Amino acid sequence: MKRPTIYDVAREAGVSASTVSRAYARPGRVNADTAQRIFLAAETLGYRMGKAGRPSAGEKRHAIALVVADVTNPFYGDIIKGAYEAAREAGYQLMLSHTNESPKVERQTIEQELGQVDGVVIASSRMTDSALRMVAKQKAVVLLNRSIPEANCVLNDAERGIRRSVEHLAQLGHERITYVAGPEASWSDGVRWRAVRQVAAELHLEARRIGPYGPTVLAGLSAALRVAELDATAVQAYNDQLAIGIVKGLGRLGVSVPEQVSVVGFDNIIFDELVEPQLTTIASPLYRMGFTGVRNCIAVSQGAQPSGDPLVLPVRLVVRGSTGQRRRPLSIRTAQSNDIRWDSRLDSTLGSSTSIMKSPS
């Protein structure tokens, strides 16, 4: 006879497979009546759980793929932790893949993994909408920081976060907001820039965009020169790594933060409190995003129907030392007169475009 599986027990008991797994591995987290129903169903079917709550011999191991754009980016650290915990609680394996910010590599990686996993969680996808729809037709898919109607999506409330940031800068007396853009293929970058423009218009501020830049500290060092050339007084960066690079780059140019330029990041990564000055940023619930993404992916793989509306997680503005009252900026011409040397290797992205949007008077 076919050996009963955890899914047979789940159907018999009227619960999810993850609840059955928890009943064996962490019984204190399952209602007593539910646990009793699960154990009775298991006994009726002749199901036995292996050591340490693992599936018994002969049972198929289930897995979820987590695909991230850059595993070295600290932004993904808490997402990976949350994803791992959700998979572990449900008795699933987590397969982690890194795509080096490349849409082509991302697509190839996912195609290779589809036959080995029950579902795919894609964090900050760089693929096109049409490519993502093709994947969603084949497997359960959950997108983090990206939204298409055909997939379950988990987002941070970027619009609200940007609003809090721009309002904070306006209260400090800044009249121009310079947005330092991230990767051109980033869906989140478009959302954040549109939010900057909208809030700036409402508050009668000028908004300008420079970029795109890679989401790295090195790219931020290069962007700092352009920020200084524009005599910017307030910067909203695409992410924290860019913001940290801008702070460091401005320091090399003799431009002080926040006395002459205020800088705000996005994400609240661990390094924000290690730089000097500490970085003001928009904090995203990254652990919760990873945990929820994998949990929802498992549910969809088991037959749950996505609601169609993205799940939007709250964010908050964390004010630290990199923002301050507006003062007269130090122009790049003054900085150059101080005989500060700039590494020409950091100038590779200076040919990027600059766009300006000024609110109607």
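Each remark here, short or long, concerns the structure printed above.
Residues numbered from 1 in each chain as written. Predicted model: local features only at pLDDT ≥ 70, side-chain atom pairs only at ≥ 80, totals over all residues. Heavy atoms only, no water.

Trainee: Provide a residue-level description of the packing of aromatic side chains, including the pertinent values.
Mentor: Pairs of aromatic rings are described using the distance from one ring centre to the other and the angle between the two planes. Summed over the entire model, instances satisfying the criterion amount to three aromatic pairs. For the pair F75 and Y76, a centre-to-centre distance of 4.8 Å together with 75° between the ring planes defines the contact as edge-to-face. Residue class for Y76 comes out buried when judged on its relative accessible area of 2%. Relative to F291, the ring of Y287 has its centre 6.5 Å away and its plane inclined at 20°; by these criteria the two rings are stacked. Of this pair, Y287 and F291 both sit in helix α11 (residues 286–301), separated by four residues, roughly a single helical turn. On the accessibility criterion, Y287 (39% relative accessible area) is partly exposed. (Phe/Tyr/Trp six-rings, centres within 6.5 Å; stacked < 30°, edge-to-face > 60°. Buried < 20%, exposed > 50% of the residue type's maximum accessible area, 1.4 Å probe, protein only. Helix = DSSP H or I, 4+ residues; strand = E, 2+ residues; numbered from the N terminus.)

Trainee: Tell me about the environment of V120, residues and numbers included.
Mentor: As for its position among the elements, V120 is in strand β3 (residues 119–123). C-alpha separation for the pair V120 and V135, spaced 15 residues apart in sequence, amounts to 8.8 Å. The residues touching V120, leaving out its near neighbours within four places in the chain, are A65, V67, L114, A140, V141, V142 and C297. (Contact = heavy atoms within 4.5 Å.)

Trainee: Go over the nonpolar core, please, and point to the residues and values.
Mentor: Ranked by size, the top nonpolar core spans 88 residues in total, and within it V180, L250 and V263 carry the most contacts. Discounting chain neighbours no more than four positions away, the residues touching V180 are I210, Y213, A223, V227, V235, Q236, A237, Y238, L242 and I246. By size, the runner-up hydrophobic cluster in this structure holds 17 residues, among which are V117, I122, L143 and A151. (Core = buried A, V, L, I, M, F, W, Y, C linked by side-chain atoms within 4.5 Å.)

Trainee: Outline helix α6 (residues 129–136), supporting the account with residue identities and numerical values.
Mentor: Within α6 the residues assigned to the buried category are A131, L132 and V135. Taken around the axis of α6, the buried residues stretch over an arc of 100°, which confines them to a single face. On its buried side, α6 packs onto α5 (103–113), β3 and β4 (140–144). (Arc of directions from axis to C-beta.)

Trainee: Could you give me a rundown of helix α7 (residues 158–171), with the residues and numbers involved?
Mentor: Taking 1.5 Å per residue, 14 residues should reach 20 Å; α7 reaches 20 Å between its end C-alpha atoms and fits that length. Those residues of α7 that fall on the buried side of the exposure criterion are A158, G161, I162, S165, V166, H168 and L169. End-on, the buried residues of α7 take up no more than an arc of 155°, which puts them together on one face. Just beyond α7, the residue with positive phi is G173, at close to 95°. (Expected span 1.5 Å × (residues − 1).)

Trainee: Quick one: what's the story with the packing of helix α4 (residues 75–89) against α11, residue by residue and with numbers?
Mentor: Put simply, α4 and α11 touch, their axes get as near as 6 Å, and they point 40° apart. Taken as axis vectors, α4 and α11 run oblique relative to one another. Crossing hand, α4 versus α11: right-handed. Residues F75, D78, I79, K81, G82, A83, E85, A86, A87 and E89 of α4 lie in contact with α11, whose contacting residues are L286, Y287, M289, G290, F291, V294, R295 and I298. Within the contact of α4 with α11, the residues separate by chemical class into eleven nonpolar, two polar and five charged. (Axes fitted to C-alpha atoms, helices over the stretch in contact; angles between N-to-C directions. Parallel < 35°, antiparallel > 145°, perpendicular 65-115°, else oblique. Left-handed = near helix turned anticlockwise from the far one by under 90°. Nonpolar A, V, L, I, M, F, W, Y, C, P; charged D, E, K, R; others polar.)

Trainee: A description of the pattern of salt bridges should follow, citing residues and the corresponding values.
Mentor: For the structure on display, the rule yields 16 salt bridges. Note that K81 and D78 form a salt bridge whose closest N and O atoms lie 4.0 Å from each other. Here the residue K81 and the residue D78 both occupy positions in helix α4, the gap between them amounting to three residues, near one helical turn. For D78, a relative accessible area of 36% corresponds to the partly exposed category. For the salt bridge of R107 with E111, the shortest nitrogen-to-oxygen distance reads 3.5 Å. Pair noted here: R107 and E111 are both in helix α5, with a separation of four residues, about one helical turn. A relative accessible area of 39% places R107 in the partly exposed class. Salt bridges sharing partners connect three or more residues here, namely R163, R164, E167 and E202. (Salt bridge = Lys/Arg side-chain N within 4 Å of Asp/Glu carboxyl O.)

Trainee: Quick one: what's the story with the pairing of strand β10 (residues 280–283), residue by residue and with numbers?
Mentor: Along β10, one buried face is formed by T280 and I282 and the opposite face, lined by T281 and A283, is buried too. Relative to β10, strand β9 (residues 262–267) runs parallel, the two being bridged by four bridges. Residue pairing for β10: F266 is matched across the bridge by I282. Direction of pairing for β10 relative to strand β12 (residues 316–318): antiparallel, over a ladder of three bridges. Pairing of T281 across the sheet is with V318, part of β12. (Pairing = 2+ DSSP bridges.)

Trainee: Give a detailed account of unusual backbone geometry, specifying residues and quantitative values.
Mentor: Look at the link from V257 to P258: it is a cis peptide, with omega at 10°. With respect to the secondary-structure elements, P258 resides in the loop between α10 (240–252) and β9. Despite not being glycine, H204 has its phi angle at roughly 60°, a positive value. Relative to the helices and strands, H204 is located in the loop between α8 (187–202) and β7 (206–211). Taking the relative accessible area as the measure of exposure, H204 reaches 58% and is therefore exposed.

Trainee: So what's going on with the packing of helix α1 (residues 6–13) against helix α3 (residues 32–45)? Which residues, and what values?
Mentor: Close contact between α1 and α3 brings their axes to 9 Å; oriented N to C, the two are set at 120°. In this view, α1 runs oblique relative to α3, as classed from their interaxial angle. Every pair of crossing elements has a handedness; the one defined by α1 and α3 is right-handed. In this structure, α1 uses D8, V9, E12 and A13 to contact α3, whose residues at the interface are R37, I38, A41, A42 and L45. Its residues placed into classes, the contact of α1 with α3 shows six nonpolar, no polar and three charged.

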